[in-house]
Amino acid sequence: MTTVLGCIADDFTGACDLAGLLARSGVKVNLRMGVPDGPTDDVAAFEVIALKCRTAPVDIAVAECRAALEWLKKAGADRFFWKYCSTFDSTPTGNIGPVAEALMADLGAKQTIYCPAFPENDRSIFMGNLFVGEQPLAESPMKDHPLTPMRDSNLMRLLAPQTTAPVGLANRLCVAKGAEALQARLKDLRKDGFVHVVVDAVADDDLKTIAKACCDMPLMTGGSAVAMPLPALYMAQGLLNETEQKMSVPQVGTGAIVLSGSCSAMTRAQVAKYSAKAPSYRLDPLDLSNDGVQKVRKWLAALPVTAAPMIYATAEPDAVRRAQDQLGVARAGEIVEQALAVLALDAKAHGAGRFVVAGGETSGAVAKALGVTQMTIGPEIAPGVPWGFSHSDGADIALALKSGNFGKETFFTDALAVLES
Ligand code: ADP
């Protein structure tokens, strides 16, 4: 098997999101945490490399992405996808533009598109402006993001300081006319020197048009959703055979644990809902700092993992601020992440095979503790959150890694139910 599409994602749960949408096609998708050390025989038609470079210094982000590109080329890919957040998380000194330009240079690509729209999750683009639901990005909660506050909604203006070449727009009126009209518009823009083109999309049909028009570009960029139509297009082109590489769902131990380190509004609702159903333990970073993890480890050891207990540090903004004021932002985060990592290992030793984790950073810490470097993507739980299958110290395990805002209130039960069916 050779890789048809090589994908590079700028964070961990974003990579799961993209891998999950590609896996909807039923074709095997591999997700790799970081650039693998060497070549491997076991490549899938879709390979996604998860990096952690969203807010890294530009030179480091560019170097990591170029290394990922080289690995993916060796896996056989000749089409590539650069995945960033559907809320375009980046600052004027951010990495979306510089990475795209570096990858384009390596690939000899003359033009690429930018389409972070994800209609199923309420992210749409109209006249180059990104909306979260009915709010312009800069009026949405993203305006207060701690690392990448989004204070402008216009993607051309957001991207311009990050690129050396001009940024143009292919708007919805053009997309609505179909793939050929979009291709003609892209060609005209290219003639006028527009190397980077933001493309409007407000619905899944727009994404189908865009993917059809752009699937032969060496590099596409966007959120995960514009990649969703690619498997069907590649099948129609004969690049992929439907029966060639079906994803398979292995048997994993029935014990489960829910670990939550995300404090986003949606995760808070999910934790509240699940705590009414399963044994739950709230971690307080200040207690952890004073007394360590022994108490919660004892609590967990006394429970059967078949009860699918939940351990969470998820808290309201005031409580988070109090912990951060006393411990510092980074230290508070680290203490929680380290505790959840230790508890994941305890749960595994105790027989848990299924790990549901909320929070991007938290997911990274838990996966690292479990020694997970690769996952094969399985069934989807919610838009952008699939189960992944991997090994930890010789045992088969399943992981559901969710970024803060994804999933419905019932996400934790939904996740466990998917593996029961
Ligand atoms: P999200 O996907 O919602 O951004 P992350 O896991 O990426 O979630 O980030 C949440 C961060 O907040 C983590 O570093 C986590 O350790 C930290 N954290 C979790 N709970 C608390 C808390 N009660 N006080 C302070 N920091 C916390």
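Residues numbered from 1 in each chain as written. Predicted model: local features only at pLDDT ≥ 70, side-chain atom pairs only at ≥ 80, totals over all residues. Heavy atoms only, no water.

Student: Can you walk me through the sheet that holds strand β8 (residues 135–136) in this structure?
Tutor: Here we have 3 strands laid out as an open sheet, ordered β6-β7-β8, and antiparallel in their pairing. Strands at the two margins of the open sheet, each flanked by one partner only, are β6 (123–126) and β8. The pairing of β6 with strand β7 (residues 129–132) spans 4 bridges and is antiparallel. Each residue of the ladder has a partner; that of I125, found in β7, is L130. (Pairing = 2+ DSSP bridges. Helix = DSSP H or I, 4+ residues; strand = E, 2+ residues; numbered from the N terminus.)

Student: I keep staring at the site of the ligand and nothing clicks. Help me out?
Tutor: Near the ligand, the surroundings consist of 19 residues, among which S262, G333, E337, E361 and T362 are the closest. Here a nitrogen atom of the ligand and a backbone polar atom of A313 are 3.0 Å apart. Elements represented by at least two residues in the shell around the ligand include exactly α12 (317–327), α13 (329–349) and α14 (360–369). Examining the composition of the shell around the ligand, we find that 4 residues originate from one element, α13, more than from any other. Split by residue class, the shell around the ligand holds 8 nonpolar, 9 polar and 2 charged. (Near = heavy atom within 4 Å. Polar contact = N/O pair within 3.5 Å; in protein donor to acceptor, adjacent residues only side chain to side chain. Nonpolar A, V, L, I, M, F, W, Y, C, P; charged D, E, K, R; others polar.)

Student: Would you mind going over the state of the cysteines with me for this structure?
Tutor: Covalently bonding the sulfur atom of one cysteine to the sulfur atom of another cysteine gives a disulfide. This structure, assessed with the given rule, holds 0 disulfides. C7 takes part in no disulfide bond, and the closest cysteine sulfur, belonging to C65, lies 12 Å away. Of the residues examined, C7 reaches a relative accessible area of 0% and is grouped as buried. Of all cysteine sulfurs, the one in C215 lies closest to C214, which takes part in no disulfide; the gap is 8.1 Å. (Disulfide = S-S within 2.5 Å. Buried < 20%, exposed > 50% of the residue type's maximum accessible area, 1.4 Å probe, protein only.)

Student: How do you make sense of the domain arrangement of the protein when you look at a structure like this?
Tutor: One frequently used descriptor of interface size is the decrease in accessible area upon assembly of the parts. According to the domain assignment, the protein contains domain 1 (5–236) and domain 2 (255–418). Centre-to-centre, using C-alpha coordinates, domain 1 lies 28 Å away from domain 2. With 20 residues of domain 1 in contact, the opposing surface of domain 2 contributes 21 residues. Of the roughly 1600 Å² buried at the junction of domain 1 and domain 2 (both faces included), carbon and sulfur atoms supply 60%. Joining domain 1 to domain 2, the criterion identifies 2 salt bridges. R24 is paired through a salt bridge with E380; the nearest N and O atoms lie 2.6 Å apart. Between the two partners, domain 1 and domain 2, sit 7 residue pairs in polar contact (both at pLDDT 80 or more). Elements with a contribution of two residues or more to the side of domain 1 that touches domain 2: α1 (12–23) and β2 (29–33). Per element, the largest residue contribution to the side of domain 1 that touches domain 2 is 8 residues, and it comes from α1. Looking at the side of domain 1 that touches domain 2, its residues break down into 9 nonpolar, 4 polar and 7 charged. (Domains from an automatic or database assignment. Contact = heavy atoms within 4.5 Å. Buried area = accessible area lost by both parts, 1.4 Å probe. Salt bridge = Lys/Arg side-chain N within 4 Å of Asp/Glu carboxyl O.)

Student: Could you clarify how one ought to interpret the pattern of salt bridges in this entry?
Tutor: Side-chain pairs of opposite charge can arise whenever the charged atoms involved come near each other. On inspection of all chains with the given rule, the structure shows 21 salt bridges. Between R331 and E334 there is a salt bridge; the shortest N-O distance is 3.3 Å. With a gap of 3 residues between them, R331 and E334 both fall in helix α13, about one helical turn apart. Residues joined in a network through salt bridges with shared partners are D10, D11, R54 and D89.

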